[in-house]
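Examining the three-dimensional arrangement
Given next are the chains, with one letter for each unit.
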Amino acid sequence: MKVALLSETSNATAFLEDDAYCAQEKLNGERMLVRKAGSAVAALNRQGEARTLPDTVAAVALTSGLDFLLDGEWIAGQFVAFDVLSINGADVTALPQAVRFAALAEVSPFRLVRQALIEDKAALLASVRAEKGEGLVFKLRDAAYLDGRTEVGVKFKFWKSAS
């Protein structure tokens, strides 16, 4: 199973100024992939192993008439989606991030992560910082969803984790 992992940066300015990247709010939750196929809904961790699916996630997933595999985070009692990997059995990981995020907005019955383009990235950074959020993720808008840690997705955290 493909799972994109983020590299880390301490310099948000370069990504804020580069129009090739969008910015998404970095959530401080548990990474989860949600797969819906007909009336079956499953949760997977980033190693592709089955995990316990909260009943609320299954109930929301079943409101969609489409099958999907979504990447996101379980946080504060809800699933928040930030990418789509397949739609009705079709692998969409080769599509650019900008196209996948637009498709995610059409497919996902879940809340979507906040995303900003070009001039709105600095405003998103200020908002997340004011809300004492974790940071931002910068994603190359024309990049495919790639397995592993690459430079197409970079995280900028306001604070360092204990580990």
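Let me begin by describing the structure that accompanies this report. Model, not experiment: these values are computed from the prediction.

1. Some thoughts on the packing of aromatic side chains
- Scanning all chains against the criterion turns up 4 aromatic pairs.
- Where F15 meets F138, the ring centres are 5.3 Å apart and the plane angle is 20°; that geometry is what we call stacked. A residue pair is termed long-range when its members are at least 10 positions apart, and F15 in helix 1 (residues 12-17) and F138 in strand 11 (residues 135-140) qualify at 123 residues.
- On the basis of relative accessible area, F138 is assigned to the buried category, the value being 0%.
- An angle of 85° between the planes, with centres 5.9 Å apart, marks the rings of F156 and F158 as edge-to-face.
- Aromatic rings pair up to connect F15, Y21 and F138 into one cluster.
- Its end group placed over the ring of W159, K157 keeps NZ or CZ at 5.6 Å from the ring centre.

2. Let's talk about the nonpolar core
- With 23 residues, the main nonpolar core has V34, F68, L70, F79 and F110 as its most contacted residues.
- Going through the elements one at a time, strand 3 (30-37), strand 4 (40-44), helix 2 (55-61), strand 6 (68-75), strand 7 (78-87) and helix 3 (97-107) are the ones with two or more residues in this core.
- The biggest single contributor to this core is strand 7, with 6 residues.
- Ignoring anything within four residues of it in the chain, the contact list for F110 reads V34, V57, V60, A61, F68, L70 and F79.
- Listed in part, the 13 residues of the second largest apolar core include Y21, L124, L125 and L136.

3. Looking at the layout of surface pockets
- Taken as a whole, the largest pocket spans an internal volume of roughly 640 Å³.
- Every residue lining the largest pocket is counted, 34 residues in all, and those nearest its centre are A4, L6, R31, E73 and F82.
- Among the elements of the structure, strand 1 (4-8), strand 2 (21-26), strand 3, strand 7, helix 3, strand 11 and strand 12 (148-157) are those that each provide at least two residues to the lining of the largest pocket.
- With 7 residues, the top contributor of residues to the lining of the largest pocket is strand 12.
- Its residues placed into classes, the lining of the largest pocket shows 13 nonpolar, 8 polar and 13 charged.

4. Looking at the pattern of salt bridges
- Taken as a whole and assessed by the stated rule, the structure comprises 8 salt bridges.
- For the salt bridge of K26 with E134, the shortest nitrogen-to-oxygen distance reads 3.5 Å. Linking K26 in strand 2 with E134 in the loop between helix 4 (121-130) and strand 11, this pair joins segments that are 108 residues apart in sequence. Each of the two residues, K26 as well as E134, counts as buried.
- Here E134 ties to K157 by a salt bridge, and the two come within 3.6 Å at their closest N and O atoms. Highlighted residues: E134 in the loop between helix 4 and strand 11 and K157 in strand 12, separated in sequence by 23 residues.
- Judged by relative accessible area, which is 7%, E134 ranks as buried.

5. Looking at the pairing of strand 7
- Among the 10 residues that make up strand 7, 9 are buried, leaving the element largely enclosed by the rest of the structure.
- Bridge count for strand 6 against strand 7 is 8 bridges, and the pairing is antiparallel. In the strand pairing of strand 7, E73 is matched with V80.
- Where strand 6 folds back on strand 7, the antiparallel hairpin that results is connected by 2 residues, among which A76 adopts a positive phi of roughly 50°.
- Summarising the sheet, strand 7 and strand 9 (residues 111-112) pair through 2 bridges and their orientation is parallel. Paired with A81 across the two strands is L112, which belongs to strand 9.
- Where strand 7 lies against strand 8 (residues 90-91), 2 bridges are found, and the strand directions are antiparallel. Residue pairing in the sheet places S86 in a bridge with D91 of strand 8.
- What sits between the antiparallel neighbours strand 7 and strand 8 is a turn of 2 residues, in which N88 has the positive phi angle 50°.

Criteria and thresholds
Residues numbered from 1 in each chain as written. Predicted model: local features only at pLDDT ≥ 70, side-chain atom pairs only at ≥ 80, totals over all residues. Heavy atoms only, no water. Phe/Tyr/Trp six-rings, centres within 6.5 Å; stacked < 30°, edge-to-face > 60°. Helix = DSSP H or I, 4+ residues; strand = E, 2+ residues; numbered from the N terminus. Buried < 20%, exposed > 50% of the residue type's maximum accessible area, 1.4 Å probe, protein only. Lys NZ or Arg CZ within 6 Å of the ring centre and 35° of its normal. Core = buried A, V, L, I, M, F, W, Y, C linked by side-chain atoms within 4.5 Å. Contact = heavy atoms within 4.5 Å. 1 Å grid on protein atoms, 1.4 Å probe; cavity = no way out; pocket = protein on both sides within 12 Å on 5 of 7 lines; lining within 4 Å. Points joined across faces, edges and corners; volume = space filled by probe spheres on them. Nonpolar A, V, L, I, M, F, W, Y, C, P; charged D, E, K, R; others polar. Salt bridge = Lys/Arg side-chain N within 4 Å of Asp/Glu carboxyl O. Pairing = 2+ DSSP bridges.

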